[in-house]
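Chain by chain, the residues run as shown.
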Amino acid sequence: MVDGEEFASPAAQGIDRTDFEKLGEKCARAPRNVFIRTVGLKNGCRKEWTNYYELPVEYTVESYQSLFSLDNDTLATRFMPENCPRRRFLVVDDKVDELYGERIRKYFDHVKVECRIVVIPGEEENKRFALVDQIFEELCDFGLHRREPIVAVGGGVVLDVVGFTASLYRRGVPYIRVPTTLLAIVDASV
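Attention here is on the structure that accompanies the text. (Residues numbered from 1 in each chain as written. Predicted model: local features only at pLDDT ≥ 70, side-chain atom pairs only at ≥ 80, totals over all residues. Heavy atoms only, no water.)

It is worth spelling out the sheet that holds strand β6 (residues 150-154) at this point. Taken together, four strands build an open sheet; the order of strands is β5-β4-β6-β7 and the sheet is parallel. Edge positions in the open sheet fall to β5 (114-120) and β7 (175-179), since each of these has one partner strand only. Ignoring which end each strand starts from, the neighbouring axes of this sheet average 20 degrees apart. Of the pairings in the sheet, the one linking β6 to β7 comprises five bridges and is parallel in character. Bridge pairing in β7 links A152 to R177. Contacts between helix α3 (residues 94-110) and the sheet are confined to β4 (87-93), β5 and β6, with β4 contributing the most and set at about 160 degrees to the helix. Seen against the sheet, helix α5 (residues 156-169) touches β4, β5, β6 and β7 and runs at an angle of roughly 165 degrees to β6. (Pairing = 2+ DSSP bridges. Helix = DSSP H or I, 4+ residues; strand = E, 2+ residues; numbered from the N terminus. Axes fitted to C-alpha atoms, helices over the stretch in contact; angles between N-to-C directions. Contact = heavy atoms within 4.5 Å.)

A few words now on the pairing of β5. Bridging between β4 and β5 involves seven bridges; their strand directions are parallel. Looking across to β5, one finds that R87 is bridged to E114.

Enumeration according to the criterion identifies five aromatic pairs in this entry. Here the aromatic rings of F68 and Y107 are separated by 5.6 Å at their centres, their planes lie at 90 degrees, and the arrangement is edge-to-face. Remark: Y107 occurs in helix α3 and F68 occurs in the loop between β3 (44-52) and α2 (74-77); sequence separation between them is 39 residues. The pair formed by F68 and Y107 is uniform in burial state, with each residue classed as buried. Seen in terms of ring centroids, F89 and F142 are 5.7 Å apart; in terms of plane orientation they differ by 50 degrees. Their pairing is tilted. Note that F89 is positioned in strand β4 and F142 in helix α4 (residues 129-142), a separation of 53 residues in sequence. Each member of the aromatic cluster is reached from another via a ring pair, and the members are F68, Y107 and F108. If you follow R170 out to its NZ or CZ, it ends over the ring of Y169, 4.5 Å from the centre. (Phe/Tyr/Trp six-rings, centres within 6.5 Å; stacked < 30°, edge-to-face > 60°. Buried < 20%, exposed > 50% of the residue type's maximum accessible area, 1.4 Å probe, protein only. Lys NZ or Arg CZ within 6 Å of the ring centre and 35° of its normal.)

On to the nonpolar core, then. Core analysis: the biggest nonpolar cluster contains 22 residues, and F89, V91, I135, L144, I150 and V162 have the highest contact counts within it. Looking at this core, the elements with two or more residues in it are β4, β5, α4, β6 and α5. It is α5 that contributes the most residues to this core, seven residues altogether. Sequence-distant contacts of V91, defined by excluding residues within four places in its chain, comprise V118, I120, I135, V151, A152, V153, V158 and V162. (Core = buried A, V, L, I, M, F, W, Y, C linked by side-chain atoms within 4.5 Å.)

Turning to α3, a few remarks are in order. Between its first and last C-alpha, α3 extends 22 Å over 17 residues, near the 24 Å set by a 1.5 Å rise per residue. Y100 marks the point of greatest bend in α3, at about 75 degrees. If you check which residues of α3 are buried, you get D94, V96, D97, G101, I104, Y107 and F108. On its buried face, α3 sits against α2, β4, β5 and β6. The backbone nitrogen of K95 has a side-chain oxygen 2.7 Å away, supplied by the residue at the start of α3, namely D93. (Expected span 1.5 Å × (residues − 1). Bend = angle between axes of the 7 residues up to and from the residue. Polar contact = N/O pair within 3.5 Å; in protein donor to acceptor, adjacent residues only side chain to side chain.)

Here D97 is to be found in helix α3. Of the polar contacts made by the side chain of D97, one reaches the side chain of R105; its length is 2.8 Å. With near-sequence residues (within four places) excluded, D97 lies in contact with V92, R105 and V119.

The structure is reproduced here in structure tokens:
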């Protein structure tokens, strides 16, 4: 008993630890440990429990040289859904667009992929809901389907804002990050 509350461990509930661990292996979303307690209240008692999850997280980080080279069709074909038009929705950092915007547009013209490019400011003070709303409206106008990816090209702010917007737009929409700064490579892109 802790602070007047009774805790029933898995063993006290008649659950063998090895059986409990096997349950967790069979169902990755099952909690590894459950603590059940009875809380005494003035008008009765309440039973409650706390679940602790250890969800496996797995993803692949791919690194490419010259991603926008006309000889490299990776960005044009990666996660391209079958039986859908060849198109991409890109959100690009304004500084990246100044330096490489023409090259990016030429790349998608060359690989014959329709492309909607939305340019946004990449500074930290622009991490606001108004920016999320702007991208969201562009996504709706473009009519991006659930299996078509959203591509973000820029630093950490751009990757964060676009990732958040993608999660609001469609559950499970593929999200491709093209980090352009060292911090974005080691932080926002993984």
